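# Structural overview
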Amino acid sequence: MNLLRVENLTVNYHNGKQHFPIIERLSLKMNMGEILGIVGESGSGKSMLALAIMGLLSPKMEMRADYLSLDGQDLMKLNAADRAAYVASKAAIIFQEPQASLNPCFSIATQLDETLSFHQGGSRKMRKSRAIELLDSVGVYQPEIILKMYPHQLSGGMNQRVAIAIAIACKPRLLIADEPTTALDVTIQSQIIELLLNLSHAEDVGLMLITHDFALLSENTDRIGVVYSGQLMEHAATENILTSPRHPYTKALLDSIPQLGDRHIKGSRLFALSGQIPSFDQLPVGCRLGPRCPKAEKQCVNRPPLRTIRNYGKVRCHLAKPDNIPKVNKSDIGGQK
């Protein structure tokens, strides 16, 4: 059974009389207990996808989808209030900046208690005991003391652990981690990722790990979705994406990694895809990557569909063929466990 199923999700930004597609007809699936990586450049729409799933879009955003289900429930059949309540009981999100997601005016105890009171109820004593248990489960030392403190009194890594404790308080079936380690040092990054993976395996929680770091995904995910300019460009098993990518954009991202890029010669400049992601109010005709693509042809002025390649996965490219790109060595990526 699919934990998450998204079919033709579109998110439009309304600016006065105009509207621009931030996400356009994006489709993907996640299974129970699966770890799915979402990767792409900054501004590609990764975070907007997470916000759309969680129902956290701003009033200027309009979401449409042919089908959007979470743990078997079609969210598009629910009204706004029922959808918000259902999603809150089944999914949680961890943001990139823990200092921004935690309220500086309230103690850790108050913020945890608010979440526990909403989802579980019970007496204050029971909720405090549960709060201590949650902080302990995410590796917080002396949780009784931490409960009395405020976010500004804690380190970035400690605040992120608190944010994770709040996120898992409702025992979610889906946990979305939106670049949860970007603001942390390398040692803490490894600890946070290990914590998330342990939670996923122990509780059979589906984990969507959003990042721009292929090395992070190489050893930790089951499948990867590559997002560019609001569209899903490629969606396949991690092994397939890393060893034989079918889309030129995925290949370019991998080539930009020093240990992996086949264009990189010692002493030369690292490979970088020319140009930049187009603004959403000036999208190119046809393939979104067209103006930047090193393999673009005349047919690329037509919009490529997301199609299935047998024994591989799904790719949005006219030129994608079963064996048109040589394999690379996954071990060269230097991923972390």
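The structure under discussion appears in the preceding block.
Residues numbered from 1 in each chain as written. Predicted model: local features only at pLDDT ≥ 70, side-chain atom pairs only at ≥ 80, totals over all residues. Heavy atoms only, no water.

### A look at the pattern of salt bridges
Definition in use: We count a salt bridge whenever a side-chain nitrogen from Lys or Arg sits within 4 Å of a carboxyl oxygen from Asp or Glu. By the criteria applied, helices consist of DSSP H or I runs no shorter than four residues and strands consist of E runs no shorter than two, each listed in order from the N terminus. We call a residue buried when its accessible area falls under 20% of the maximum for its residue type, exposed when it is over 50%, and partly exposed in between, using a 1.4 Å probe and counting protein chains only.
For the structure shown, the criterion picks out eleven salt bridges. Between glutamate 24 and arginine 288 there is a salt bridge, and its shortest N-O distance comes to 2.3 Å. Residue glutamate 24 is located in strand E2 (residues 18-31), and its partner arginine 288 is located in the loop between helix H11 (248-255) and strand E12 (307-309); the two are separated by 264 residues in the primary sequence. The pair glutamate 24 / arginine 288 is uniform in exposure class, with both members buried. Salt-bridge contacts for arginine 64 lead to glutamate 62; the nearest nitrogen and oxygen are separated by 3.9 Å.

### Quick notes on the sheet that holds strand E10 (residues 223-228)
To be explicit about the condition: A pair of strands counts as paired when DSSP detects no fewer than two bridges linking them. Here, axes are lines fitted to C-alpha atoms. For helices the fit covers the stretch in contact, and angles between N-to-C directions go from 0 to 180 degrees.
Ordered by their spatial adjacency, eight strands build an open sheet running E7-E8-E9-E3-E10-E11-E13-E12, and the pairing between neighbours is mixed. Looking at strand neighbours, the two that pair on one side only are strand E7 (91-94) and E12, the edges of this open sheet. Across the sheet, the axes of successive neighbouring strands diverge by a mean angle of 20 degrees, strand direction being ignored. Relative to E10, strand E3 (residues 35-39) runs parallel, the two sharing four bridges.

### Examining the pairing of strand E5 (residues 67-70)
Here strand E1 (residues 2-15) pairs with E5 via four bridges, running antiparallel. Across the sheet, arginine 5 pairs through a bridge with serine 69, a residue of E5. The hairpin formed by E5 and strand E6 (residues 73-74) contains two residues between the paired strands, and aspartate 71 there has a positive phi angle of roughly 50 degrees.

### A look at unusual backbone geometry
Working note: non-glycine residues mostly have negative phi, and peptide bonds are mostly trans. A positive phi angle, close to 55 degrees, is found at asparagine 8, a residue other than glycine. Locating asparagine 8 in the fold gives a position in strand E1. Accessibility expressed as a relative area gives 21% for asparagine 8, which makes it partly exposed. Its identity is not glycine, yet glutamate 179 carries a phi of approximately 45 degrees, on the positive side. Note that glutamate 179 resides in the loop between strand E8 (174-178) and helix H8 (186-203). On the basis of relative accessibility, which here comes to 10%, the residue glutamate 179 falls in the buried class.

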